Amino acid sequence: MSKIPVYLMPGLASSAAIFERFALPEEMFEIFLLEWEIPVDNESLMEYAMRITKKIKHKNPVLIGVSFGGILVQEMAKYVKARKVIIISSVKSNVEFPRRLKIAKTTKAYKLIPMKLIANIESLAKFSFGEKVNQRLKLYEKFLSVRDIGYLNWAVEQVILWNRTVVDEKVIHIHGDMDDVFPIKYIQNCVVVKGGTHIMILNKYKWLNENLPGIILETEKK
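Residues numbered from 1 in each chain as written. Predicted model: local features only at pLDDT ≥ 70, side-chain atom pairs only at ≥ 80, totals over all residues. Heavy atoms only, no water.

1. Structural notes on the packing of aromatic side chains
Aromatic ring pairs are described here by two measures, namely the spacing of the ring centres and the angle between the planes.
Logical step 1: By the definition in use, this model includes nine aromatic pairs.
Logical step 2: Taking 5.8 Å as the distance between ring centres and 80° as the angle between the ring planes, the aromatic pair formed by F19 and F22 counts as edge-to-face. Side by side, F19 and F22 carry an identical accessibility label, which is buried.
Logical step 3: Both rings, one in Y151 and one in W154, keep their centres 6.4 Å apart while their planes meet at 40°; by these two values the pair is tilted. Pair noted here: Y151 and W154 are both in helix α7 (residues 149-160), with a separation of three residues, about one helical turn. Just as Y151 is buried, W154 falls in that class too.
Logical step 4: The rings of W36, Y48, F68, Y151 and W154 are connected pair by pair, giving a single aromatic cluster. (Phe/Tyr/Trp six-rings, centres within 6.5 Å; stacked < 30°, edge-to-face > 60°. Buried < 20%, exposed > 50% of the residue type's maximum accessible area, 1.4 Å probe, protein only. Helix = DSSP H or I, 4+ residues; strand = E, 2+ residues; numbered from the N terminus.)

Shown next as structure tokens:
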């Protein structure tokens, strides 16, 4: 039996090192890690998604994305036929954004974020992972690898201006009930992980390793 290819996309500014404890049964699955690339000038999210899709070398892959990576894999699914699209700690449309992101879009306040400051690891950790990061900064220094100012400006803008309003019902959404970046109260139709925060890819990996094989292999309902 040929193995099911599973492509993993990390969150905003993160490296694929966030998946180091991520494991699926090797007799059934083969894991491939995707990384963020620096966007070219004026590159749209759709154009970027198309470019990253070229790194997928297998037919009918499973696409798994975390946070902003979850947004990206949903856009990538427009250009590659995926067996499953699974998002973790992310959103299925801009309707699921918390109020502060909707306000940032309306007021364009995100343009005032000092990206040179946010490239500092402590600020970047707080922005990408939420507020409760102080005791884990060394950990985050390992995972937050993309500090290019152009990328950060681009990525923040692409999240806030993401224009998807209609949810793809086939997307499988896994979300923690303690996520402080995308609070669960705004999220519809997801698999809830109790005690899961926005960084549950790091600290709830056992739950993911145990449950993802069944989620991937589950017979399509539609």
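The discussion continues.
2. Topic: the sheet that holds strand β3 (residues 62-66)
Logical step 1: Spatially, six strands are ordered β2-β1-β3-β4-β5-β6 in an open sheet, and the strand pairing comes out parallel. Of all the strands in the sheet, the pair left with one neighbour each is β2 (29-33) and β6 (191-193). The sheet shows a mean angle of 20° between the axes of neighbouring strands, direction not considered.
Logical step 2: Sheet topology places β3 next to strand β4 (residues 84-88); five bridges connect them, and they run parallel. Among the inter-strand pairings, G65 is bridged to a residue of β4, identified as I87.
Logical step 3: Those strands touched by helix α2 (residues 68-76) are β1 (4-9), β3 and β4, and its axis lies near 150° from that of β3. (Pairing = 2+ DSSP bridges. Axes fitted to C-alpha atoms, helices over the stretch in contact; angles between N-to-C directions. Contact = heavy atoms within 4.5 Å.)

3. A look at helix α1 (residues 45-53)
Logical step 1: Inspection of α1 places L45, Y48, A49, I52 and T53 among the buried residues, and these make up the whole buried set. Angular distribution of buried residues about the axis of α1 spans 140°; they occupy a single face of the element. (Arc of directions from axis to C-beta.)

4. Looking at helix α9 (residues 205-217)
Logical step 1: Spanning 13 residues, α9 covers 18 Å between terminal C-alpha atoms, matching the ideal 18 Å at 1.5 Å per step.
Logical step 2: Of all the bends in α9, the greatest reaches close to 40° and is centred on N211; the proline P213 follows between one and four positions later.
Logical step 3: Listed in full, the buried residues belonging to α9 are Y205, L208, N209, L212, P213, I215 and I216.
Logical step 4: Taken together, the buried residues of α9 touch β1, β2, β3, β4, β5 (172-176) and α8 (200-203). (Expected span 1.5 Å × (residues − 1). Bend = angle between axes of the 7 residues up to and from the residue.)

5. Topic: the environment of T53
Logical step 1: Residue placement: T53 occurs in helix α1.
Logical step 2: For T53 and Y79, which are 26 residues apart along the polypeptide, the C-alpha to C-alpha distance reads 7.0 Å.
Logical step 3: For T53, the residues in contact, after removing those within four places along its chain, are M76, Y79 and V80.

6. Description of the nonpolar core
Logical step 1: One finds L12, W36, F68, L72, M76 and Y151 to be the most contacted residues of the largest nonpolar core, which totals 40 residues.
Logical step 2: Breaking this core down by element, the ones donating at least two residues are β1, α1, α2, β4, α3 (99-107) and α7.
Logical step 3: Examining the composition of this core, we find that seven residues originate from one element, α7, more than from any other.
Logical step 4: Look past the residues within four positions of Y151 in its chain and what remains in contact with it is L12, A13, W36, E37, I38, P39, F68 and V146.
Logical step 5: Counting 26 residues, the second largest nonpolar core, distinct from the first, contains I4, I18, V62 and I201. (Core = buried A, V, L, I, M, F, W, Y, C linked by side-chain atoms within 4.5 Å.)

7. Some details on a nonpolar patch on the surface
Logical step 1: Together, M46, M50 and Y79 line one region of the surface with nonpolar side chains, adding up to about 260 Å² of accessible area.
Logical step 2: Inspection of the secondary structure puts M46 in helix α1.
Logical step 3: Among the residues examined, M46 registers a relative accessible area of 43% and is labelled partly exposed. (Patch = residues over 30% accessible without salt bridge, like charges linked within 9 Å, V, L, I, M, F, W, Y side chains within 5 Å. Areas by Shrake-Rupley, 256 points an atom, 1.4 Å probe, with all protein chains shown as cover. Salt bridge = Lys/Arg side-chain N within 4 Å of Asp/Glu carboxyl O.)

8. Focus on the pattern of salt bridges
Logical step 1: Counting across every chain of the model gives eight salt bridges.
Logical step 2: A salt bridge links E96 to K92, with the nearest nitrogen and oxygen atoms 2.8 Å apart. Grouping residues by exposure puts E96 and K92 together as buried.
Logical step 3: The partner of D168 in a salt bridge is K170, and the shortest N-O contact between them spans 3.8 Å.
Logical step 4: Note on D168: relative accessible area 28%, which makes it partly exposed.
Logical step 5: Each of E37, E43, R51 and K55 takes part in one network of salt bridges that share partners.

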